[in-house]
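Structural description and commentary
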Amino acid sequence: MSAAASDAPIGVFDSGLGGLTVVRELMRQLPSERLIYVGDTARVPYGPKSPETICRYSREIAEYLLRERVKALVVACNTATAVALPALRVACPVPVIGVVDPGARSAAAASRGRGIGVIGTAGTIASGAYERAIRTLAPATRVIAQACPLFVPLVEEGWLDGDVARLVARHYLEPLAASGIDTLVLGCTHYPLLAPVIGDVMGDGVRLIDSAAAAADATRTLLEREGLRRESLTGAPPPTHRFLATDAPERFLAGARRFLDAAVERVEVLPLG
Ligand code: DGL
């Protein structure tokens, strides 16, 4: 690609707010890149939907981002990565990065051999994508997976601590905590916001893996390899980012500020769904 191509933005999407945990890491690791983020708030949650529906939603968002001439696509949603990544890679003429393989790599590197837990949406857990990715890297590893469908609504509502979040976390996680695993993958981009509550149930001996940092790292490596990294010029103004929601932009804006503080000034509407 030409020098102008490296100036193009990176497209990022999720079903709602959760992918902003990946945006936060992209901003930290790639501070001169411009980002366009789509949160599919009209159709969140993706977790309980069928693979066909999630693939269709993901393709529609990817088509929009390609029309905006993104140079790479980051699927900042574990559910969409787990079921739609191969189809997106075939359909998109730009590199497509998911969150599952980077998260699995971090977990395999962190584990001390007593087993890895994976928590995610019903769709992610049913796909078996994390088990496959972890077993490819470390075939003898014990992997225990658990769907936690109420975590996404808790995060979208901003109920990040308090009695309800604690009760729900205990309900899903106590069997995992009792299983003796040493590492737990937060296999949904919404879950890092619940990390304090999750960590309390799991205890100090369990390392929590957030795939956002690993996905941002994979994006940086890929851009460098493909010669697509945007140059950072001394004295240049910070890059401008765009945020779009497929419904209720004011609500998205309020939520986005919980994830990214002042970085989100305005939310555009992308009418899909
Ligand atoms: N944040 C998404 C994920 O990583 C999807 C949550 C949902 O919409 O159910 O799986």
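Just above, that's the structure.
Presented here is an overview of the structure given in this document. (Residues numbered from 1 in each chain as written. Predicted model: local features only at pLDDT ≥ 70, side-chain atom pairs only at ≥ 80, totals over all residues. Heavy atoms only, no water.)

Surveying the vicinity of the ligand reveals 14 residues, the closest of which are Ser15, Tyr46, Asn78, Thr79 and His190. Taking Ser15, its side chain carries an N or O atom lying 2.5 Å from an oxygen atom of the ligand. In this structure, an oxygen atom belonging to the ligand sits 2.6 Å away from a side-chain N or O atom of Thr79. For the ligand, whose free accessible area comes to 300 Å², the fraction covered by protein is 99%. Per-class residue counts for the shell around the ligand are six nonpolar, seven polar and one charged. (Near = heavy atom within 4 Å. Polar contact = N/O pair within 3.5 Å; in protein donor to acceptor, adjacent residues only side chain to side chain. Areas by Shrake-Rupley, 256 points an atom, 1.4 Å probe, with all protein chains shown as cover. Nonpolar A, V, L, I, M, F, W, Y, C, P; charged D, E, K, R; others polar.)

This brings us to the packing of aromatic side chains. Applying the stated criterion to the full structure yields five aromatic pairs. Here Tyr37 and Phe243 contribute two aromatic rings whose centre-to-centre distance is 6.4 Å and whose plane-to-plane angle is 45°, an arrangement assigned as tilted. With Tyr37 in strand 2 (residues 35–39) and Phe243 in strand 9 (residues 242–245), this pair connects stretches of sequence that are 206 residues apart. An identical accessibility class is assigned to Tyr37 and Phe243; each is buried. Site record: aromatic cluster; members linked through ring pairs are Tyr37, Phe243 and Phe252. In this structure, Arg43 is placed above the aromatic ring of Tyr57, and the distance from its NZ or CZ to the ring centre is 3.8 Å. (Phe/Tyr/Trp six-rings, centres within 6.5 Å; stacked < 30°, edge-to-face > 60°. Helix = DSSP H or I, 4+ residues; strand = E, 2+ residues; numbered from the N terminus. Buried < 20%, exposed > 50% of the residue type's maximum accessible area, 1.4 Å probe, protein only. Lys NZ or Arg CZ within 6 Å of the ring centre and 35° of its normal.)

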